Amino acid sequence: MTIKFDKVTGLVPAIIQDVQTKNVLMLGYMNQEAYEKTLETKKVTFYSRSKQRLWTKGEESENFLSLVDIKNDCDKDSLLISVRPQGPTCHKGTDTCWAESNESQFGFLSTLEGVIEKRRKEPSEASYVASLFKKGINKIAQKVGEEAVEVVIEAKDNDEKLFLDESADLLFHYLILLQAKGYTLKDVEKVLLGRHK
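Residues numbered from 1 in each chain as written. Predicted model: local features only at pLDDT ≥ 70, side-chain atom pairs only at ≥ 80, totals over all residues. Heavy atoms only, no water.

The chain appears in an unreviewed UniProt entry as Histidine biosynthesis bifunctional protein HisIE from Lutimonas vermicola. Taken directly from UniProt, the Subcellular location (unreviewed entry) text for the chain runs: "Cytoplasm". (UniProt positions renumbered as here; feature names shortened; annotations may be inferred.)

A. Layout of the nonpolar core. With 21 residues, the main nonpolar core has Ile16, Met30, Val44, Phe46, Leu65, Leu79 and Ile81 as its most contacted residues. Listing elements by their share of this core, those giving two or more residues are strand 1 (12–18), strand 2 (24–30), helix 1 (32–41), strand 3 (45–48), strand 5 (65–72) and strand 6 (79–85). Counting 12 residues, the second largest nonpolar core, distinct from the first, contains Ile116, Leu132, Val144 and Leu185. (Core = buried A, V, L, I, M, F, W, Y, C linked by side-chain atoms within 4.5 Å. Buried < 20%, exposed > 50% of the residue type's maximum accessible area, 1.4 Å probe, protein only. Helix = DSSP H or I, 4+ residues; strand = E, 2+ residues; numbered from the N terminus.)

B. Summary view of the sheet that holds strand 6. The sheet built from four strands is open, its strands ordered 2-1-6-5 with mixed pairing. The outermost strands of the open sheet, each flanked by one partner alone, are strand 2 and strand 5. On average, each strand axis in the sheet is tilted by 30° relative to the strand beside it, whichever way the strands run. The sheet contact formed by strand 5 and strand 6 spans seven bridges and is antiparallel. Residue pairing in the sheet places Leu67 in a bridge with Val83 of strand 6. Packed onto the sheet, helix 1 meets strand 2, strand 5 and strand 6 and runs at close to 120° relative to strand 5. (Pairing = 2+ DSSP bridges. Axes fitted to C-alpha atoms, helices over the stretch in contact; angles between N-to-C directions. Contact = heavy atoms within 4.5 Å.)

C. Quick look at the packing of helix 2 (residues 108–121) against helix 3 (residues 128–135). Running from amino to carboxyl end, helix 2 crosses helix 3 at an angle of 60°, the nearest separation of the two axes being 8 Å. Classified by the angle their axes make, helix 2 and helix 3 are oblique. In this structure, helix 2 crosses over helix 3, and the sense of that crossing is right-handed. Here Ile116, Arg119 and Arg120 of helix 2 lie close against helix 3, whose contacting residues are Val129, Ala130 and Phe133. Of the residues that constitute the contact of helix 2 with helix 3, the class distribution is four nonpolar, no polar and two charged. (Parallel < 35°, antiparallel > 145°, perpendicular 65-115°, else oblique. Left-handed = near helix turned anticlockwise from the far one by under 90°. Nonpolar A, V, L, I, M, F, W, Y, C, P; charged D, E, K, R; others polar.)

D. Broad picture of the packing of aromatic side chains. Across all of its chains, the model carries one aromatic pair by this definition. Stacked on the ring of Phe64, the Lys or Arg Lys43 has its end atom at 5.0 Å from the ring centre. (Phe/Tyr/Trp six-rings, centres within 6.5 Å; stacked < 30°, edge-to-face > 60°. Lys NZ or Arg CZ within 6 Å of the ring centre and 35° of its normal.)

E. Expanded view of the pattern of salt bridges. Tallied over the entire structure, the rule returns six salt bridges. Of the charged contacts, one joins Lys121 and Glu117 as a salt bridge, the two residues approaching to 2.8 Å between their closest N and O atoms. Residue Lys121 and its partner Glu117 are located together in helix 2, separated by four residues, close to a single helical turn. With a relative accessible area of 32%, Glu117 lands in the partly exposed category. Close ionic contact of Asp165 with Lys161 constitutes a salt bridge, the shortest N to O distance being 2.8 Å. Taken together, the positions of Asp165 and Lys161, both in helix 5 (residues 160–180) and four residues apart, correspond to about one turn of that helix. With a relative accessible area of 31%, Asp165 lands in the partly exposed category. For Lys161, a relative accessible area of 57% corresponds to the exposed category. By sharing partners, the salt bridges in this structure join Lys143, Glu146 and Glu147 into a single network. (Salt bridge = Lys/Arg side-chain N within 4 Å of Asp/Glu carboxyl O.)

Spelled out as structure tokens, the structure:
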């Protein structure tokens, strides 16, 4: 891999990303020696600008960053390093250096889960979601079943819009069912990860 280390400092920025959650955990800097040591040991090693020496993340805390992959950007002057973190990444004890939790996010689906949770906890008469929770688990499960059948029916036809509309309805009602049972997509993800070998 060709890396354009800075001509003055000899360093290149290294963005650290959790391979599973895709969250950015920290930013560090590497020189050629740190890069080579990372490849050799499979533990991410940086060049510490304050200590003026190589520094393997976790050398004191044992919260190592196990190397999965290294990618170079289009200009070849910054690295994206995929890792499996062994504990908190930040020296302050947080998952990331931005004090964020390193949990999976599912884009808009996570937002939708938050809306469903709010409607469950703060019901209003006008809320369809709240009305389903009020009717109970049997009604919610029935709706998921109905939507699943509709997806199957539309899958056999050629109307792609109807198929996607019914798929969205199924997913929406499934998210409601998950919460009615006390779960979220993260719980389903754990099961799928456990099956993935």
